[in-house]
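If you want the building blocks of each chain, they are given just below.
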Amino acid sequence: MTAAGRFAPSPSGKLHVGNLRTAVLAWLFAKSTGRDFLLRVEDLDRARSGAEAEQLRDLRAVGVSWDAAVVRQTERAALYDEAIARLAADGRTYECFCTRREIQEAPSAPHAPQGAYPGTCRRLSHAEREIRRATRPASVRLRAEVSEWAVEDQLRGKYAGVVDDFVLRRNDGVTAYNLAVVVDDAQQGIDQVVRGDDLLPSTPRQAYLATLLGLPIPEYAHVPLVVNHDGVRLAKRDGAVTLGDLAAVGIPAERVRDLLLESLGLPAGTLQAALPHFTPRHVPKTPWVWKTPRA
Ligand code: GLU
């Protein structure tokens, strides 16, 4: 299997210029290091009908191409089940019956990092578990043996963050993102993960889980997001931010592609032509402020 990078959008709506810039960066990182580039649709949750086709079309319109058939997470349940079964066989999972409210209201364990699951159901007796099973379907949590894990990020350096007993499968049966992403990246031969730096805090959990599953840890590069003029992460409400909106005000996809490349200090034109000018070390370390250009 050729080493690969990837872009893994959730088909919950249209991609905006921030998402497209991350995809362009992921493509440049992969291609500049001799890797294949793969596209994975993370449709386990929040999928909106028609969004996937639109997203793929918009990615192609800014020049992002991929080297194999698109993979969809909803078609890969067996792989996730198998990974959870392996963890369960090693005694690394437990059932959790907590509601969101119970988690919020539970006193947190001393020294537990903020936002960490308080461990309520980890300590249930067999009898208590039987009682709770009758009241609510269980989610499956990881029995973590660490509370922190460090990863190496190409842009951010060493990053240590929280690992708690995070959810592997929700109580509605949906596989959790943290489990699916780890299984998929390894199974697809993805050894380079380039994505928005909003996902950096999830990365220690994912790297720890990969270690437990005996899977290789990919190299990571978490790239700065695109923000609006208030410095807030770009969102649909920030005006013309999707290719569709921009086309409607007279700005074609090629122009958007050129703006994205220029924001990275690269020459306008095709991604292929920009490739020899791309150096991972020179990726801007600060968010890019989006201003809707004039047509
Ligand atoms: N599907 C996630 C998202 O769209 C990205 C996951 C990843 O790149 O690891 O936010």
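Residues numbered from 1 in each chain as written. Predicted model: local features only at pLDDT ≥ 70, side-chain atom pairs only at ≥ 80, totals over all residues. Heavy atoms only, no water.

Undergrad: Explain the packing of aromatic side chains here, please?
TA: Centre distance and the angle of the planes are the two values used to describe a pair of aromatic rings. By the definition in use, this model includes three aromatic pairs. Relative to phenylalanine 278, the ring of phenylalanine 29 lies with its centre 5.3 Å away and its plane at 70 degrees, an arrangement referred to as edge-to-face. Taken together, the residues span a long stretch of sequence, with phenylalanine 29 in helix H1 (residues 17-32) and phenylalanine 278 in the loop between helix H10 (271-274) and strand S12 (288-289) at a distance of 249 residues. A centroid spacing of 5.7 Å and a plane angle of 75 degrees characterise the contact between tryptophan 288 and tryptophan 290, whose relative ring orientation is edge-to-face. With a relative accessible area of 18%, tryptophan 288 lands in the buried category. Relative accessible area serves as the criterion here: at 4%, tryptophan 290 is assigned to the buried category. The cationic tip of arginine 141 hangs over the ring face of tyrosine 117; the distance from NZ or CZ to the ring centre is 3.5 Å. (Phe/Tyr/Trp six-rings, centres within 6.5 Å; stacked < 30°, edge-to-face > 60°. Helix = DSSP H or I, 4+ residues; strand = E, 2+ residues; numbered from the N terminus. Buried < 20%, exposed > 50% of the residue type's maximum accessible area, 1.4 Å probe, protein only. Lys NZ or Arg CZ within 6 Å of the ring centre and 35° of its normal.)

Undergrad: Got a minute to help me understand the environment of aspartate 164 in this structure?
TA: With respect to the helices, strands and loops of the structure, aspartate 164 is situated in the loop between strand S7 (157-162) and strand S8 (167-169). Through-space distance from the C-alpha of aspartate 164 to that of tyrosine 117 is 6.1 Å; in sequence the pair is 47 residues apart. Once residues within four sequence positions are removed from consideration, aspartate 164 is found in contact with Gly115, Ala116, Tyr117, Ala144 and Arg205. Within polar-contact distance, the side chain of aspartate 164 engages the backbone nitrogen of tyrosine 117 at 2.8 Å. Within the structure, the side chain of aspartate 164 is placed 3.0 Å from the side chain of arginine 205, a separation counted as a polar contact. (Contact = heavy atoms within 4.5 Å. Polar contact = N/O pair within 3.5 Å; in protein donor to acceptor, adjacent residues only side chain to side chain.)

Undergrad: Sorry, what's going on with the nonpolar core here?
TA: Considering soluble globular proteins, one finds that nonpolar side chains tend to be buried as a cluster. Val24, Phe29, Leu59, Val64 and Trp290 are the most contacted members of the largest nonpolar core, which has 46 residues in total. Sorting elements by how many residues they give to this core places H1 first, with 10 residues. For tryptophan 290, the contacting residues outside a window of four places in its chain are Val17, Val226, Val227, Leu234, Ala240, Val241, Leu246 and Leu259. Judged by nonpolar contacts, the second largest core, of 22 residues, contains Val140, Leu168, Leu209 and Leu212. (Core = buried A, V, L, I, M, F, W, Y, C linked by side-chain atoms within 4.5 Å.)

Undergrad: What's the story with the packing of helix H6 (residues 177-187) against helix H7 (residues 203-212) in this structure? I'm lost.
TA: Two numbers describe a pair of packed helices, the interaxial angle and the distance between the axes. At their nearest, the axes of H6 and H7 sit 9 Å apart, and the two run at 55 degrees to each other. In this view, H6 runs oblique relative to H7, as classed from their interaxial angle. Note on packing geometry: the crossing formed by H6 with H7 is right-handed. Touching Tyr177, Asn178, Leu179, Val181 and Val182 of H6 are Arg205, Gln206, Leu209 and Ala210, all from H7. (Axes fitted to C-alpha atoms, helices over the stretch in contact; angles between N-to-C directions. Parallel < 35°, antiparallel > 145°, perpendicular 65-115°, else oblique. Left-handed = near helix turned anticlockwise from the far one by under 90°.)

Undergrad: Explanation requested: the packing of helix H3 (residues 77-89) against H6 in the structure shown.
TA: It is the contact of H3 with H6, at a shortest axis distance of 10 Å, that shows an interaxial angle of 110 degrees. The orientation of H3 relative to H6 falls into the category roughly perpendicular. Here Leu79, Tyr80, Ala83, Ile84 and Leu87 of H3 come into contact with H6, specifically with Leu179, Ala180, Val183, Asp184 and Gln187. The residue inventory of the contact of H3 with H6, partitioned by class, reads eight nonpolar, one polar and one charged. (Nonpolar A, V, L, I, M, F, W, Y, C, P; charged D, E, K, R; others polar.)

Undergrad: I keep staring at the sheet that holds strand S1 (residues 4-7) and nothing clicks. Help me out?
TA: Two pairing modes exist for strands in a sheet, parallel and antiparallel, and in both the strands are linked by backbone hydrogen bonds. One open sheet accounts for three strands, arranged S1-S2-S3; its pairing is parallel. Each having just a single partner strand, S1 and strand S3 (71-72) make up the two edges of the open sheet. Pairing analysis gives four bridges linking S1 to strand S2 (residues 36-41), with the strands arranged parallel. Paired with arginine 6 across the two strands is leucine 38, which belongs to S2. (Pairing = 2+ DSSP bridges.)

Undergrad: What is the right way to read unusual backbone geometry from this model?
TA: With the exception of glycine, most residues fall at negative phi, and the peptide bonds are largely trans. The backbone of arginine 46 shows a phi angle near 55 degrees, a positive value even though the residue is not glycine. One can find arginine 46 in the loop between S2 and helix H2 (51-61). Taking the relative accessible area as the measure of exposure, arginine 46 reaches 55% and is therefore exposed.

Undergrad: Sorry if this is basic, but what is going on with the pairing of strand S6 (residues 148-153) here?
TA: The side chains of a regular strand alternate between the sheet's two faces. Strand direction decides the pairing type here: S6 and S7, joined by six bridges, are antiparallel. Considered in S7, the bridge of valine 151 is made with tyrosine 159. Hairpin connection from S6 to S7: three residues lie between these consecutive antiparallel strands.

Undergrad: Whenever I open this one, the sheet that holds strand S5 (residues 139-142) confuses me. Can you help?
TA: The strand order across the open sheet built from three strands is S4-S5-S8, with neighbouring strands paired in antiparallel fashion. What marks the edges here is a single partner per strand, and that holds for strand S4 (93-96) and S8. Here the average twist between neighbouring strands, direction ignored, is 45 degrees. Summarising the sheet, S4 and S5 pair through four bridges and their orientation is antiparallel. Among the inter-strand pairings, threonine 93 is bridged to a residue of S5, identified as leucine 142. With respect to the sheet, H3 is in contact with S4, S5 and S8, its orientation differing from that of S8 by roughly 125 degrees.

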